[in-house]
Amino acid sequence: MNWTWFHKLASPPHFYRLAGRITPWLGWPAFLLIVIGLYGGLVLAPPDYQQGDAFRIVYVHAPSAWMSMFIYGMMAIAAAIGLIWRIKLAHAVAAAAAPVGAWFTFVTLVTGSLWGRPMWGTWWQWDARMTSELILLFLYLGLIALRASIDDRERADRASAVLALVGVVNLPIIHYSVYWWNTLHQGSTITKFGKPSITFDMLWPLLVMFVAFKLFFGMVLMLRVRGEVLRRERDASWLREELTR
Amino acid sequence: MNLSDFLAMGGYAAFVWPSFGLTLIMLILNVRNARRMHALAREHALRRLDAARKPT
């Protein structure tokens, strides 16, 4: 297999320019899809027969929850690539992803709480799904704090990568918590195998929001990685050409 | 559908709107933070380049 594309992608100047070029192609579709998804979820979707209009929280809660885990997984893969092949750009990607993941996790917890109050009669319960999602938030915050506390960039990269990889164990726990334990949280609405358990009117805005949040994360990640690359490569000669052109 | 029914969210307004509001604020903050981070890093890098070019 030919790996030149990978080495090219991992080169900071190449990635810096590429990220700059694709940012608007992620941002504008994300914006449009969020508008469409919100309209579909808040206006077009019918109220749920059990939960009434409260179920609409799913349109922000579930995509945020999915992103909170997706970002962690992606960050851990980047961290592993950085550790194993010593690719600096991979560490930059991991560093850029952590704060965004923390934000999505925070929103997942708060919107979940706002949904739980009218449906379950409680803001919070120490059940498996909620506790493991809270641990995810602590993992993100721990990663951000760890990175901020080590001055030497290479050591900070390596330490954060190890912690990120250890934390991966939490991902299957979050995902399977609703099956392994008797939790208050409902099971998945959409599964890869088998029919989704909701009608198409309710389903499509959810799918639109899933795609929108993915694109949104892509855009924010590109911007942040560019910032990281500028900080890390400040003495590189390509930067002079790039910034003074 | 009239507007006040829509805003009432079947009695769940106090839970639905804060959820959507918080999510939108989070999205906007993330874009703003990311842009600011990139702009700051760019400014720093440029200042460094200037300083290196004309040694005082």
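About the criteria used
Residues numbered from 1 in each chain as written. Chains lettered and ligands numbered in written order. Predicted model: local features only at pLDDT ≥ 70, side-chain atom pairs only at ≥ 80, totals over all residues. Heavy atoms only, no water. Salt bridge = Lys/Arg side-chain N within 4 Å of Asp/Glu carboxyl O. Buried < 20%, exposed > 50% of the residue type's maximum accessible area, 1.4 Å probe, protein only. Helix = DSSP H or I, 4+ residues; strand = E, 2+ residues; numbered from the N terminus. Contact = heavy atoms within 4.5 Å. Core = buried A, V, L, I, M, F, W, Y, C linked by side-chain atoms within 4.5 Å. Patch = residues over 30% accessible without salt bridge, like charges linked within 9 Å, V, L, I, M, F, W, Y side chains within 5 Å. Areas by Shrake-Rupley, 256 points an atom, 1.4 Å probe, with all protein chains shown as cover. Expected span 1.5 Å × (residues − 1).

Draft legend 1. Quick look at the pattern of salt bridges. Residue and element names in this part refer to chain A. Following the criterion strictly, the structure yields seven salt bridges over all chains and no others. As a salt-bridge pair, Arg-56 and Asp-53 come within 2.8 Å of each other at their nearest N and O atoms. Both residues of the pair, Arg-56 and Asp-53, belong to the buried class. Notably, a salt bridge pairs Glu-233 with Lys-88, separated by 3.5 Å at the nearest N-O pair. Residue Glu-233 is located in the loop between α8 (200-232) and α9 (237-244), and its partner Lys-88 is located in helix α4 (residues 88-120); the two are separated by 145 residues in the primary sequence. Overlapping salt bridges bring together Arg-147, Asp-157, Glu-228 and Arg-232 as one network.

Draft legend 2. Broad picture of the environment of Ala-212 of chain A. Residues and elements named next belong to chain A. Within the secondary structure, Ala-212 is located in helix α8. For the pair formed by Ala-212 and Gly-27, sequence separation is 185 residues and the distance between their alpha carbons is 9.2 Å. Setting aside residues no more than four positions away along its own chain, Ala-212 makes contact with Ala-30, Leu-33 and Ile-34.

Draft legend 3. Seen up close, the environment of Ser-177 of chain A. Residues and elements named next belong to chain A. Residue placement: Ser-177 occurs in helix α7 (residues 170-180). Ser-177 sits 14 residues away from Leu-163 along the chain, and the two C-alpha atoms are 22 Å apart. Excluding anything up to four places from it in sequence, Ser-177 contacts Ala-128, Arg-129, Ser-132, Pro-172 and Thr-183.

Draft legend 4. Inspection of the side chain of Ser-113 of chain A at higher detail. Residue and element names in this part refer to chain A. Topologically, Ser-113 is positioned in helix α4. Since its relative accessible area comes to 16%, Ser-113 is described here as buried. Apart from the residues within four sequence positions on either side, Ser-113 is in contact with Thr-122 and Trp-123.

Draft legend 5. Highlighting the nonpolar core. Grouped together as the largest cluster of nonpolar side chains are 82 residues, with contacts concentrated most on Tyr-72, Met-75 and Phe-104 of chain A. Counting residues per element, this core draws most heavily on α8 of chain A, which supplies 16 residues. When residues no more than four places from it in sequence are discounted, the contact partners of Phe-104 of chain A are Ser-64, Met-67, Ser-68, Ile-71, Phe-213 and Phe-216 of chain A together with Met-26 and Leu-27 of chain B.

Draft legend 6. The arrangement of unusual backbone geometry in detail. The backbone of Arg-86 of chain A sits at a positive phi, close to 55°, despite the residue not being glycine. Following the sequence through the fold, Arg-86 of chain A ends up in the loop between α3 (58-85) and α4. Given a relative accessible area of 62%, Arg-86 of chain A falls into the exposed group. One non-glycine residue, Met-9 of chain B, lies in the positive phi region at around 50°. Overall, Met-9 of chain B belongs to the buried group, its relative accessible area being 1%.

Draft legend 7. Geometry of a nonpolar patch on the surface. Residues and elements named next belong to chain A. Taken together, Val-169, Ile-173, Tyr-176, Tyr-179, Trp-180 and Trp-181 make up a surface patch of nonpolar side chains, about 650 Å² in accessible area. Along the chain, the position of Val-169 falls in the loop between α6 (153-167) and α7. A residue is classified by how much of its surface remains accessible, and Val-169, at 55% relative accessible area, is exposed.

Draft legend 8. The arrangement of α3 of chain A in detail. Residues and elements named next belong to chain A. With 28 residues, α3 extends 40 Å from end C-alpha to end C-alpha; this agrees with the ideal 40 Å at 1.5 Å per step. Burial runs high along α3: 20 of the 28 residues are buried. Arg-86 sits one or two residues past α3 and shows a positive phi near 55°.

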